[in-house]
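Residue-level listing of the chains:
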Amino acid sequence: MQDRTSSQASVLTVSAKPSYNQTSPPPGRLLVEYIGDMGPVTRRVDMVPAETLVAVTGTVTALHLTGPDEEPRAVFTVTGSTSESARCVVSTERYLDLWSFLVEDARIRVSGRVRRPLANEPGYIDILTIGEAPVDVATQAVSA
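Source: prediction; values computed, not measured.

J.: Requested: an account of the overall build of the protein chain, with residues and values cited.
T.: Scanning the protein chain from N- to C-terminus turns up 1 helix and 7 strands. What you see in the protein chain, going N to C, is helices and strands ordered as β-β-β-β-β-α-β-β. Going through the 144 residues of the protein chain one by one, you find that 34% of them count as buried. Within the protein chain, contacts between residues at least 6 apart in sequence are counted, and of these 55% link residues at least 24 apart. Of the roughly 9400 Å² of accessible surface on the protein chain, a fraction of 53% belongs to carbon and sulfur atoms.

Encoded structure:
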């Protein structure tokens, strides 16, 4: 039997900037659709003005449930058919209504507001609704 009391503790270092592998682009490049001044517009999340209501269909990837039981939240990535993605956040207020859609590899349709805490960051989608993806729609932007 090996003595485990003398082993050294390992330390995990987390970088302040997320790293991405070479095969997938960084989050924020997913095409979303929203209503602009001149009608429907399709644009990457990182180019959409903050507070704009957007909609998109994609696949749930990188799902993380956070917060205590009294204040559950979820952070996940919606990935399109061309590997572009966008980060999404489900607040405590909406979590209980939407948790059943939060399943890895599920195709969903989401709508929400673009939030950008830092001006030079791509931002994320603050989720308002989640639903099943329409069967006849490709995994990409859909009308709001």
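J.: So what's going on with the environment of Ser85? Which residues, and what values?
T.: Looking at the element boundaries, Ser85 is found in strand β5 (residues 85–90). Here the alpha-carbon distance between Ser85 and Thr59, two residues 26 residues apart in the chain, equals 9.2 Å.

J.: Please provide a residue-by-residue account of unusual backbone geometry, values included.
T.: At Glu51, a residue that is not glycine, the phi angle is positive and equals roughly 75°. For Glu51, the location among the structural elements is in the loop between β2 (39–44) and β3 (53–66). Residue class for Glu51 comes out partly exposed when judged on its relative accessible area of 45%. The backbone of Ala62 shows a phi angle near 50°, a positive value even though the residue is not glycine.

J.: Please set out the environment of Arg109 residue by residue, giving values where relevant.
T.: Looking at the element boundaries, Arg109 is found in strand β6 (residues 107–115). Residues Arg109 and Thr57, 52 residues apart in the sequence, show an inter-C-alpha distance of 4.2 Å.

J.: Summarise the side chain of Glu33; cite the residues concerned and give the values.
T.: Its place among the elements puts Glu33 in strand β1 (residues 31–36). Among buried Asp, Glu, Lys and Arg side chains, Glu33 stands out as unpaired, with Arg109 the closest opposite charge at 7.6 Å. Within the structure, Glu33 has its side chain in polar contact with the side chain of Thr42 (distance 3.4 Å).

J.: Outline the pattern of salt bridges, supporting the account with residue identities and numerical values.
T.: One pass over the full model with this rule turns up 3 salt bridges. With a shortest N-O distance of 3.0 Å, Arg44 and Asp46 are connected by a salt bridge. Across the pair Asp126 and Arg115 runs a salt bridge whose closest N-O atoms are separated by 3.2 Å. Placement of Asp126 in strand β7 (residues 124–132) and of Arg115 in strand β6 is noted, with a sequence separation of 11 residues between them. Using a relative accessible area of 18% as the deciding quantity, one classes Asp126 as buried.

J.: Please set out the nonpolar core residue by residue, giving values where relevant.
T.: Residues Phe76, Val90, Ile127 and Ile130 are the most contacted members of the largest nonpolar core, which totals 24 residues. Mapped by element, the contributors of at least two residues to this core are β1, β3, β4 (73–79), β5, α1 (92–98), β6 and β7. For this core, the leading source of residues is β3, giving 4 residues. In this view, Ile127 contacts Phe76, Cys88, Val89, Val90, Arg94, Leu98, Val110, Ser111 and Gly112; residues no more than four positions away in its chain are not counted.

Cut-offs and rules
Residues numbered from 1 in each chain as written. Predicted model: local features only at pLDDT ≥ 70, side-chain atom pairs only at ≥ 80, totals over all residues. Heavy atoms only, no water. Helix = DSSP H or I, 4+ residues; strand = E, 2+ residues; numbered from the N terminus. Buried < 20%, exposed > 50% of the residue type's maximum accessible area, 1.4 Å probe, protein only. Contact = heavy atoms within 4.5 Å. Areas by Shrake-Rupley, 256 points an atom, 1.4 Å probe, with all protein chains shown as cover. Lys, Arg positive; Asp, Glu negative; His and termini not counted. Salt bridge = Lys/Arg side-chain N within 4 Å of Asp/Glu carboxyl O. Polar contact = N/O pair within 3.5 Å; in protein donor to acceptor, adjacent residues only side chain to side chain. Core = buried A, V, L, I, M, F, W, Y, C linked by side-chain atoms within 4.5 Å.

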